[in-house]
Amino acid sequence: MLKEYLKTALRNLTRSKFHSSINIFGLSIGFAAVILICLYLYGELSYDDFHQNKDDLYRVSIKSWQEGKLEGDGPSFTPPLGPAMLQNIPEVKNFARISTERVAYLAYKKVPLKIEDIHHADPTLLDILNFPLLQGNLKTALVEPYSIVLTEQTAKKLFGNEQAVGKTIRIDNKQDYVVTGVAKDVPQNSTIHFNALISFATLYKDPNLFLDWDGGNQYITFVLLYKNVTAATVDAKLPGLLWTNINQKIATAGAKLEAYLQPITKLHLYYEENSGSLKNNMKVFSIVAILILLI
């Protein structure tokens with residue numbers, strides 16, 4: 001029976017080659033469009049999915065209240081939050097901080113190169129968030145002050161095919177840093193992007209920086225919870241922690257800070273600035289893909 005169907009189909013194709021070509025071409029274009037849309041949707045849905053600890057990883061976000069009115073909500077805060085959570089909340093297994101982005105000139109042998117997406121980071125960032133190193137020790141690469149980890153692409157721009165670890169580079173013609181590691185280039189589907197990471201300990205060597213609870217809101221904290229611990233359990237303990245360290249001081253001014261956890265796998269679709277428009281785009285593309293298949 002199948003053989004007869006195939007014969008009939010071939011006869012129809014050969015009898016009307018022009019119309020058959022148009023139909024086949026249209027069908028091919030339709031399937032290609034659907035496949036491209038599916039790849040786009042998969043890419044958006046797979047953000048931060050590569051982290052081994054993804055089910056227990058969270059970003060801490062801070063809501064700012066003034067006289068009972070919500071003034072803002074974002075992850076940038078002061079440095080002591082992560083260490084305080086690890087010390088005072090037993091459900092927190094570890095933490096990692098990363099500063100907001102900076103741009104600088106990195107120079108090797110007095111040849112400067114402008115590099116974007118440079119951050120200060122704790123050594124734990126490479127470990128608990130799964131950014132593997134191609135060169136250097138994962139545990140110690142960002143421990144010492146004035147140490148720096150470069151991505152593979154950045155290292156190649158600076159050193160070509162030379163070994164990067166152990167070399168000294170100068171940043172903004174002010175301070176020398178030792179390259180202690182080379183990390184794999186960050187995946188496209190990562191909320192965190194960097195081209196270079198400077199050890200967080202370096203910040204404490206700068207006497208002009210305020211790194212206490214009343215310091216600059218330039219640092220993002222990620223926490224790793226123990227298995228089977230829910231975000232709600234930790235959220236319930238954060239008001240007491242913030243009251244002791246900062247809210248008690250600012251309450252007289254009518255201000256209040258509220259911390260809560262955001263799952264790392266939901267950051268891209270639910271907590272980034274363009275999350276609303278992104279979800280709308282995904283819905284539209286999904287509908288388009290279904291209509292193309294029906295047509």
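Scroll up for the structure.
Residues numbered from 1 in each chain as written. Predicted model: local features only at pLDDT ≥ 70, side-chain atom pairs only at ≥ 80, totals over all residues. Heavy atoms only, no water.

J.: Can you walk me through the environment of Ile 115 in this structure?
T.: The topology assignment puts Ile 115 in strand E6 (residues 111-121). Along the chain, Ile 115 and Leu 238 lie 123 residues apart, while their C-alpha atoms are 37 Å from each other. Beyond its immediate sequence surroundings of up to four residues, Ile 115 is in contact with Arg 102, Val 103, Ala 104, Leu 106, Thr 154 and Asn 195. (Helix = DSSP H or I, 4+ residues; strand = E, 2+ residues; numbered from the N terminus. Contact = heavy atoms within 4.5 Å.)

J.: Looking at this model, I keep getting lost on the packing of aromatic side chains. Mind explaining?
T.: Between two aromatic rings, the relevant description is the distance of the centres plus the angle of the planes. Evaluated as defined, the whole model comprises seven aromatic pairs. Between Phe 77 and Trp 213 the ring centres are 6.3 Å apart and the planes differ by 65°, which places this aromatic pair in the edge-to-face class. In this pair, Phe 77 is assigned in strand E3 (residues 76-77) and Trp 213 in the loop between strand E11 (196-199) and strand E12 (219-225), connecting sequence segments 136 residues apart. The two residues Phe 77 and Trp 213 agree in class, both being buried. For the ring pair Tyr 108 and Phe 159, a centre distance of 4.7 Å and an interplane angle of 75° mean the geometry is edge-to-face. With Tyr 108 in strand E5 (residues 102-108) and Phe 159 in helix H5 (residues 152-159), the pair connects residues that are 51 residues apart, well separated along the chain. Residue Phe 159 is classed as buried on the basis of its relative accessible area of 4%. Taken together, the ring pairs in this structure connect Phe 50, Phe 131 and Phe 194 into an aromatic cluster. The side chain of Lys 167 reaches across the aromatic face of Phe 159, ending 5.9 Å from its centre. (Phe/Tyr/Trp six-rings, centres within 6.5 Å; stacked < 30°, edge-to-face > 60°. Buried < 20%, exposed > 50% of the residue type's maximum accessible area, 1.4 Å probe, protein only. Lys NZ or Arg CZ within 6 Å of the ring centre and 35° of its normal.)

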